[in-house]
Amino acid sequence: MSEIEVKKTQESLQDRLAQVVELLQRQRVVEDLTHRQEGAHHDRVENLVHRQNLVELQRKLDDLHSADVAYILEALPLDDRLTLWQLVKADRDGDILLEVSDSVRETLIADMDDHELLAAAKDMDADELADLASELPRDVVHELMETLDQQQRERVRSALSYDEEQVGALMDFEMVTIREDVSLEVVLRYLRRLKELPGHTDKLFVVDYDGVLKGVLPIKRLLVNDPEKQVSEVMASDPVSFHPDEDAYDAAQAFERYDLISAPVVDKNGKLIGRLTIDEMVDLIREESESEVLNMAGLREEEDIFASVWKSLRNRWAWLAINLITAFVASRVIGLFEGSIEKLVALAALMPIVAGIGGNSGNQTITMIVRAMALDQVSTGNTSRLMRKELAVALINGLVWGGVIGVVAYMLYGSWSLGVVMTAAMTLNLLLAALMGVLIPMTLAKMGRDPAMGASVMITAMTDSGGFFIFLGLATIFLL
């Protein structure tokens, strides 16, 4: 899809969201007006108008893809969201529940009874059921498992046995397997007998009679080669494969690196047990990116923007409390130099510049380091070199931009010594920011924590307190 087509699709979705919002608002206005009216036909008019709005809303929902309905539900306040959710056809509930974010899914599931949940989940594949099972009531999961056949039940249990960050939790069990000792013509006849191919089928998996993976047969090779050839002559015998206990994010990086659409998942004996597909990998990369952004801001989890005040408070209070403590420390650092500030008021105007630039530089360093760690580009062998490089960048930036602000300080206050102090303070604080920008994520990683967790909050605290102390300390020594 071209950029223009993507833009048109997005604009169309935004238009439809606006139309849905307008219909919901119109419904509220009309209901409010009819409630104020009196007369014999009041109930009939109210009922007719109500039905007309609901029919139009339902018609718009029916025209939308499940992912687009999910987008609209996420963009609506809770009351409107639940009103719209009730209009979604029951046979689409499952698809939409899989598309919405975790926080929004929680509100939708809370609005459904057990019968509706069972109906929504009955047509899901094993991997989809595993994704949803952790958020369903225990009795619903138990009853749902009772309705599955033995193979499906075992597949769900297998997917649930892995951590959500492992390949096994994301693998798909729907795939096409063939033998290596048959001709391509036989394979083509076999495919024609199938009702449909599983989604994202770009290759067939070649296994022996024990289910051990022998290779893969890309669809393009199947189509362009002589039908009389054997599968063993055409197949790729060394495909990229994964084990169920591997890190899912490493698998996502492999998909990006090798331009994969699907890939086999094998156990320790080489037996084919599932496959990974590009749609799961794209979702994982998006979720990892969102999680990293949230973690750097000190948020513990994805938050429904229309969540209750209490839920939002619980998600945000911890790092705000830490930030409050660090802000108090910074204020006490300033308090140590109250006498200096009283004697030279220019210090009060200039010190936020030193702290602010240091915080910005530190966040740049942290962002680069966290990204490099996510791509496994940082190791014990190159840590010291990376540290030297970041310190060199900070030193040059400090001298250049510190010199600029030093000249500005001289022009404003007529003191060359104040300009020199400003340059020195800027340089030292940028060096501190670079040092902390490397050490904070690496220390978090060594402690087994997410290297992005609260990194932005911590670096800002360090550069604020450090910047104030360096600038005011230098000013006290050399100017006063």
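Each value, and the rule that gives it
Residues numbered from 1 in each chain as written. Predicted model: local features only at pLDDT ≥ 70, side-chain atom pairs only at ≥ 80, totals over all residues. Heavy atoms only, no water. UniProt positions renumbered as here; feature names shortened; annotations may be inferred. Helix = DSSP H or I, 4+ residues; strand = E, 2+ residues; numbered from the N terminus. Rg over C-alpha atoms; globule rule 2.2 N^0.38 Å. Buried < 20%, exposed > 50% of the residue type's maximum accessible area, 1.4 Å probe, protein only. Contact = heavy atoms within 4.5 Å. Areas by Shrake-Rupley, 256 points an atom, 1.4 Å probe, with all protein chains shown as cover. Lys, Arg positive; Asp, Glu negative; His and termini not counted. Charge placed at Lys NZ, Arg CZ, Asp CG, Glu CD. Phe/Tyr/Trp six-rings, centres within 6.5 Å; stacked < 30°, edge-to-face > 60°. Salt bridge = Lys/Arg side-chain N within 4 Å of Asp/Glu carboxyl O. Patch = residues over 30% accessible without salt bridge, like charges linked within 9 Å, V, L, I, M, F, W, Y side chains within 5 Å. Axes fitted to C-alpha atoms, helices over the stretch in contact; angles between N-to-C directions. Parallel < 35°, antiparallel > 145°, perpendicular 65-115°, else oblique. Left-handed = near helix turned anticlockwise from the far one by under 90°. Nonpolar A, V, L, I, M, F, W, Y, C, P; charged D, E, K, R; others polar. Core = buried A, V, L, I, M, F, W, Y, C linked by side-chain atoms within 4.5 Å. Domains from an automatic or database assignment.

- As recorded by an unreviewed UniProt entry, the chain carries the name Magnesium transporter MgtE and is attributed to Pseudomonas kribbensis.
- Checking UniProt for the chain, the heading Sequence similarities (unreviewed entry) contains the comment "Belongs to the SLC41A transporter family."
- The record in UniProt for the chain states the following under Function (unreviewed entry): "Acts as a magnesium transporter."

**Considering the overall build of the chain**
In step 1: Counting its secondary structure elements, the chain contains 21 helices and five strands.
In step 2: Scaling as 2.2 N^0.38, a compact globule of 480 residues should have a C-alpha radius of gyration of about 23 Å, whereas the chain reaches 30 Å, well beyond that.
In step 3: C-alpha extents for the chain along the principal axes are approximately 90 × 80 × 45 Å.
In step 4: Taking all 480 residues of the chain together, 40% fall into the buried category.
In step 5: Of the contacts made within the chain by residues no fewer than 6 positions apart, 66% connect residues no fewer than 24 positions apart.
In step 6: As displayed, the chain offers around 27,000 Å² of accessible surface, 55% of which is attributable to carbon and sulfur atoms.
In step 7: Computed over 46 positive and 78 negative side-chain charges, the separation of the two mean positions in the chain equals 3 Å.

**Brief notes about the packing of aromatic side chains**
In step 1: Scanning all chains against the criterion turns up two aromatic pairs.
In step 2: A centroid spacing of 6.1 Å and a plane angle of 20° characterise the contact between Phe242 and Phe255, whose relative ring orientation is stacked. Of this pair, Phe242 sits in the loop between helix H13 (231-234) and helix H14 (248-258) while Phe255 sits in helix H14, and the two are 13 residues apart along the sequence. Exposure class is identical for Phe242 and Phe255. Each is buried.
In step 3: Their ring planes at 70° and their centres at 6.0 Å tell us that Phe337 and Phe469 sit as a pair that is edge-to-face. With a gap of 132 residues between them, Phe337 in the loop between helix H16 (309-335) and helix H17 (338-343) and Phe469 in helix H21 (residues 455-478) connect regions that are remote in the sequence.

**Re the pattern of salt bridges**
In step 1: For the coordinates displayed, the defined rule picks out nine salt bridges.
In step 2: A salt bridge links Asp62 to Lys89; the nearest nitrogen and oxygen atoms lie 3.6 Å apart. Remark: Lys89 occurs in the loop between helix H4 (78-87) and helix H5 (93-99) and Asp62 occurs in helix H2 (residues 42-63); sequence separation between them is 27 residues.
In step 3: Judged by its relative accessible area of 41%, Lys89 falls in the partly exposed class.
In step 4: Residue Glu135 pairs with Arg105 through a salt bridge whose shortest N-O separation is 2.5 Å. One end of the pair, Glu135, is in the loop between helix H8 (126-133) and helix H9 (138-147); the other, Arg105, is in helix H6 (residues 102-110), and 30 residues separate them in sequence.

**Focus on the UniProt feature "domain: CBS" (unreviewed entry) in the chain**
In step 1: Cross-referencing UniProt, the feature "domain: CBS" (unreviewed entry) maps to residues 171-233 and 235-291 in the present numbering.
In step 2: Taken end to end, residues 171-233 comprises 30% helix and 21% strand; its first and last C-alpha atoms sit 28 Å apart.
In step 3: Along residues 235-291 the backbone is 44% helical and 19% strand, and the end-to-end C-alpha distance reaches 39 Å.

**Quick notes on a nonpolar patch on the surface**
In step 1: Nonpolar side chains collect at one region of the surface, where Ile396, Val400, Trp401, Val404, Val408, Leu412 and Tyr413 lie side by side and expose about 680 Å² of accessible area between them.
In step 2: Tracing the chain through its elements places Val404 in helix H19 (residues 383-413).
In step 3: Overall, Val404 belongs to the partly exposed group, its relative accessible area being 41%.

**Thoughts on the environment of Ser415**
In step 1: In this fold, Ser415 is placed in the loop between H19 and helix H20 (416-446).
In step 2: A relative accessible area of 22% means that Ser415 is categorised as partly exposed.
In step 3: A sequence separation of 198 residues divides Ser415 from Leu217, and the C-alpha atoms of the two residues are 76 Å apart.

**Structural notes on the side chain of Glu390**
In step 1: Considering the arrangement of structural elements, one finds Glu390 in helix H19.
In step 2: Aside from chain neighbours lying at most four places away, what touches Glu390 is Thr365, Ala434 and Val438.

**Here's the deal with the packing of H8 against helix H10 (residues 150-160)**
In step 1: Closest axis-to-axis distance for the H8/H10 pair is 8 Å, and the angle between their directions is 50°. Overall, the two elements H8 and H10 adopt an arrangement that is oblique. Viewed along their axes, H8 and H10 form a crossing whose handedness is right-handed. Contacts between H8 and H10 involve Ala126, Leu129, Ala130 and Ala133 from the first element and Gln152, Arg155, Val156, Ala159 and Leu160 from the second.
In step 2: Taken together, the residues of the contact of H8 with H10 break down into seven nonpolar, one polar and one charged.

**Digging into the nonpolar core**
In step 1: Ranked by size, the top nonpolar core spans 58 residues in total, and within it Ile72, Leu84, Trp85, Ile96, Leu97, Phe242 and Leu276 carry the most contacts.
In step 2: Both domains that furnish three or more residues to this core are identified here as domain 1 (13-165) and domain 2 (177-297).
In step 3: With residues up to four places along the chain from it excluded, the contact list for Leu276 reads Val167, Leu170, Met171, Phe242, Ala251, Phe255, Ile261, Ser262, Ala263, Val265 and Met281.
In step 4: Core analysis: the next-biggest nonpolar cluster, separate from the first, contains 26 residues, Ala330, Ile341, Ala346 and Leu347 among them.

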